[in-house]
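So the chains spell out like this:
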Amino acid sequence: MPVLLSKSLAFVLALSTFAGAGAALAAGSHSGGHSSAIGEPGDPAAADRTIEITMGDNFYEPERLTISAGETVRFVIRNDGEFLHEFNLGTAAMHAEHQTEMMAMMEQGVLTPTGLDHSKMKMDHGDQGMAHDDANSVLVEPGKTMEIAWKFTADTSFEFACNIPGHYESGMVGEIDITKSALSGS
């Protein structure tokens, strides 16, 4: 029981970091995004390989990936933690923008520490899209496994991260190194 209490306390403390900034955070559409800067959705049936990612409370295993430009990867993401977590592919700037959207989702009650209120995701939130339907991102509830496929068309390095309030700041971020494609002879 003490472990659960300390993890809960860590979540509350991380979330409180943002509590005063809630009104100042821009509420944006949570669909579409800027994912084309880092690649495009891939076909899982045509994936070059599968990478398994395990999420715990504020960490990923593995923490760093090396992927070839042009490669399509099927990610199998398992949440072994006690809290809701996200696997999101993007640049640091994309994550910063996405964090404001995630805060809006938290403030609207769409996200809870341990899950999603699916009924609130479908509600009209004005100009705030709450679907969390970007192809480069998935929310994974505790004990669940989700998949995404991504084709890495950009030849620049970027990150995978959890943008739930407080998680990125507490270290739930990993690096993706993109190498030149061996297939293109580069």
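Here, every reference points to the structure presented above.
What counts, and at which threshold
- Residues numbered from 1 in each chain as written.
- Predicted model: local features only at pLDDT ≥ 70, side-chain atom pairs only at ≥ 80, totals over all residues.
- Heavy atoms only, no water.
- Pairing = 2+ DSSP bridges.
- Helix = DSSP H or I, 4+ residues; strand = E, 2+ residues; numbered from the N terminus.
- Expected span 1.5 Å × (residues − 1).
- Buried < 20%, exposed > 50% of the residue type's maximum accessible area, 1.4 Å probe, protein only.
- Axes fitted to C-alpha atoms, helices over the stretch in contact; angles between N-to-C directions.
- Contact = heavy atoms within 4.5 Å.

Engineer: Outline the pairing of strand 9 (residues 158–161), supporting the account with residue identities and numerical values.
Structural biologist: Here strand 6 (residues 85–90) runs beside strand 9; their pairing, made up of 3 bridges, is antiparallel. Counterpart to Gly-90 in the pairing with strand 9 is Glu-159.

Engineer: Describe the sheet that holds strand 5 (residues 72–79), listing the residues and the values that go with them.
Structural biologist: Strands sit in the order 1-8-5-2-3 across an open sheet of 5 strands; the sheet is mixed. Bordering the open sheet on either side are strand 1 (40–41) and strand 3 (59–61), each of which pairs with just one other strand. Sheet topology note: the strand 1/strand 8 (residues 145–151) ladder contains 2 bridges and is antiparallel. When the sheet's bridge partners are listed, Pro-41 is paired in strand 8 with Trp-150.

Engineer: Pulling in residues and values, what's your account of helix 2 (residues 92–107)?
Structural biologist: An ideal rise of 1.5 Å per residue puts 22 Å on 16 residues; helix 2 measures up with 23 Å between its terminal C-alpha atoms. Where helix 2 is concerned, the buried positions are Met-94, His-95, His-98, Gln-99, Thr-100, Glu-101, Met-102, Met-103, Ala-104, Met-105 and Met-106. One or two steps after helix 2, the chain reaches Gly-109, where phi turns positive at roughly 85°.

Engineer: Help me get a handle on the sheet that holds strand 7 (residues 137–140), residues and values and all.
Structural biologist: Pairing in this open sheet of 5 strands is mixed, and the strands run 4-10-9-6-7 from one edge to the other. Whereas interior strands pair on both sides, the edge strands pair on one side only; in this sheet they are strand 4 (64–68) and strand 7. Each strand axis lies, on average, 20° off the axis of its neighbour in the sheet, ignoring direction. The sheet contact formed by strand 9 and strand 10 (residues 173–179) spans 4 bridges and is antiparallel. Residue Phe-158 lies in a different strand from strand 10, and its bridge partner there is Ile-176. Where helix 2 meets the sheet, it contacts strand 6, strand 7 and strand 9, and its direction lies at approximately 140° from that of strand 6.

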